[in-house]
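Now for the letters of each chain:
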Amino acid sequence: MLKSYKKFVGAVLVASLTMFAMAGCSQSQPQQETETDVVVIDTTDTSGGVAATVNGVEIGENAVSAYIDNFRQTNDLTDDEAWGSYMGQNGYTPESLREIVVDNFVNEEIVRQAAKENGIEVTDEDVEAAFEQAKKSAGNESSWRIALKYSGMTEDQYKDSLRQQLLQRELFYKATGTSQLDSTVSQITSTLRQSGGEELANLIDRASAKMSESTDTQKVKADDELVLSLIKTYEQDYANAESLDGIPADVVVLYRTQADSVVQNQAFEDFMKKYTDAADVQKNGLPEGATYKVEVIVASPNETTEDQPAAAEGEQTDTASE
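Given the structure is predicted, the values throughout are model-derived calculations rather than measurements.

(A) A look at the overall build of the protein. If you tally the helices and strands in the protein, you get twelve helices and three strands. If you sum the accessible surface of the protein, you get close to 17900 Å²; carbon and sulfur atoms cover 47% of it.

Next comes the structure, spelled out in structure tokens:
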């Protein structure tokens, strides 16, 4: 995700991005007896005003309200006093929350425009395939429904979220010279190493490296200096090593994979930053009558505050990502 995502957006996205992990332990989760009334999010609906424009593309105010309303519904914060307390406990104001959500939609639009400029298209078939895989990962229909309820999204909204993720994935491949095959190989070898299949994982890595060498694609890779630095930092036995010579091949392969991930993520961040910096973004202020604009209730020093919302995958606490 791009770095402008904040804690509030993260709190909502965590539910959707990790819903299937939750589904796996859904039997221990309290089940709601009534369905959550999820509000449809449509950024093209400008009937309630325009929250922002991105290179001339308008983002409707109704989408911002719907996003926050869904968060309140999902987290039992529909009561204005509870909502005001939540904001006070977590250092938010209606204005700051709105800005976070608007930034989220702005970044999504920048991703869509960047994908279009690079000839990247995610088809309905691609989304449907990812959706079916997600449902399969949930285990069964009941677990899927429970997980979807906790996410605060409808199936159509989840599909929209998947489309956005797929666009970002393709942009990542474009920026790094990698592919779906590289991602699959990385997942397989990581799983093998965790289960003790180090030798097979190394064999797959070597075969993948040879395949990459046979193509003309310029893949972003870490240099030996970074690989050595990671090894010296995390492997005490090689803390004084001056080169990769003499370090076991399996250790080098393991840390080269990690180093490649570091430089590829940085390459993607730099790639997207060009589009973010070049974007003509105009944002409007908080409109009168916004349903989420209530009095912020600040807890006294003696009151125990609730935990702050979890950060989204890939974002730092404070915080931000995508």
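Now that the structure has been shown, the text picks up again.
(B) Representation of the pairing of strand β1 (residues 50-54) within the structure. Burial of β1 is extensive: four of the five residues sit out of reach of the surface. Pairing analysis gives four bridges linking β1 to strand β2 (residues 57-60), with the strands arranged antiparallel. Along β2, the bridge assignment pairs Thr53 with Glu58. Here three bridges tie β1 to strand β3 (residues 281-283), and the two strands are oriented antiparallel to one another. For Val54, the partnering residue across the bridge sits in β3 and is Val281.

(C) Quick peek at the pattern of salt bridges. Under the defined criterion, the tally for this structure stands at 13 salt bridges. Put simply, Arg98 and Glu61 hold a salt bridge, and the shortest N to O gap is 2.8 Å. Of this pair, Arg98 sits in helix α5 (residues 94-117) while Glu61 is found in helix α3 (residues 61-74), placing the two residues 37 residues apart along the sequence. Take Arg98 and Glu61: they sit in the same class, and that class is buried. As a salt-bridge pair, Lys283 and Asp103 come within 2.8 Å of each other at their nearest N and O atoms. With a gap of 180 residues between them, Lys283 in strand β3 and Asp103 in helix α5 connect regions that are remote in the sequence. For Lys283, a relative accessible area of 42% gives the class partly exposed. A relative accessible area of 15% means that Asp103 is categorised as buried.

(D) Main features of the nonpolar core. Formed by 49 residues in total, the largest nonpolar core has its most connected members in Val64, Trp83, Tyr158, Leu171 and Met272. Counting twelve residues, the second-largest nonpolar core is a separate cluster that includes Leu228, Ile247, Val251 and Val252.

(E) Examining the sheet that holds β1 more closely. Pairing is antiparallel across the open sheet formed by three strands, whose spatial order is β2-β1-β3. Edge positions in the sheet fall to β2 and β3, since each of these pairs with one other strand and no more. Averaged over all pairs of adjacent strands, the angle between strand axes in this sheet comes to 20°, irrespective of strand direction. Packing of α5 onto the sheet brings it into contact with β1, β2 and β3, and relative to β1 it is tilted by some 35°.

(F) Quick look at the packing of α5 against helix α8 (residues 155-176). Put simply, α5 and α8 touch, their axes get as near as 10 Å, and they point 55° apart. As far as their axial angle goes, α8 and α5 are oblique. The way α5 lies across α8 gives a crossing that is left-handed. Counting all contacts with α5, which are made through Glu108, Val111, Arg112, Ala114 and Ala115, the residues of α8 involved are Gln164, Leu167, Gln168 and Leu171.

(G) Region of the structure containing unusual backbone geometry. Phi angles above zero are rare outside glycine, and Asn55 is one such case at about 50°. Mapped onto the secondary structure, Asn55 falls in the loop between β1 and β2. On the basis of relative accessibility, which here comes to 41%, the residue Asn55 falls in the partly exposed class. Within the chain, Asp76 stands out as a residue other than glycine whose phi angle is a positive 55°. Looking at the element boundaries, Asp76 is found in the loop between α3 and α4 (80-89).

(H) View of the packing of aromatic side chains. For the structure shown, the criterion picks out eleven aromatic pairs. Seen in terms of ring centroids, Tyr67 and Phe105 are 5.5 Å apart; in terms of plane orientation they differ by 85°. Their pairing is edge-to-face. Of the two residues, Tyr67 is situated in helix α3 and Phe105 in helix α5; the sequence distance between them amounts to 38 residues. A single burial state applies to Tyr67 and to Phe105, both of which are buried. Ring centres 5.3 Å apart and planes at 85° place the aromatic pair Phe131 and Trp144 in the edge-to-face group. Of this pair, Phe131 sits in helix α6 (residues 124-138) while Trp144 sits in helix α7 (residues 141-151), and the two are 13 residues apart along the sequence. Judged by relative accessible area, Phe131 falls into the buried class, the value being 2%. On the accessibility criterion, Trp144 (0% relative accessible area) is buried.

(I) Representation of the confidence of the model for the protein. Confidence in the prediction of the protein, expressed as mean pLDDT, is 81, and 80% of residues score 70 or more. The model gives residues 1-35 a pLDDT under 50, and that stretch makes 95 contacts with residues more than four places away or in other chains. Per-residue pLDDT stays below 50 along residues 307-322; that stretch engages in 46 contacts with residues further than four places along the chain or on separate chains.

Thresholds, definitions, all that
- Residues numbered from 1 in each chain as written.
- Predicted model: local features only at pLDDT ≥ 70, side-chain atom pairs only at ≥ 80, totals over all residues.
- Heavy atoms only, no water.
- Helix = DSSP H or I, 4+ residues; strand = E, 2+ residues; numbered from the N terminus.
- Areas by Shrake-Rupley, 256 points an atom, 1.4 Å probe, with all protein chains shown as cover.
- Buried < 20%, exposed > 50% of the residue type's maximum accessible area, 1.4 Å probe, protein only.
- Pairing = 2+ DSSP bridges.
- Salt bridge = Lys/Arg side-chain N within 4 Å of Asp/Glu carboxyl O.
- Core = buried A, V, L, I, M, F, W, Y, C linked by side-chain atoms within 4.5 Å.
- Axes fitted to C-alpha atoms, helices over the stretch in contact; angles between N-to-C directions.
- Contact = heavy atoms within 4.5 Å.
- Parallel < 35°, antiparallel > 145°, perpendicular 65-115°, else oblique.
- Left-handed = near helix turned anticlockwise from the far one by under 90°.
- Phe/Tyr/Trp six-rings, centres within 6.5 Å; stacked < 30°, edge-to-face > 60°.
- pLDDT = per-residue confidence, 0-100.

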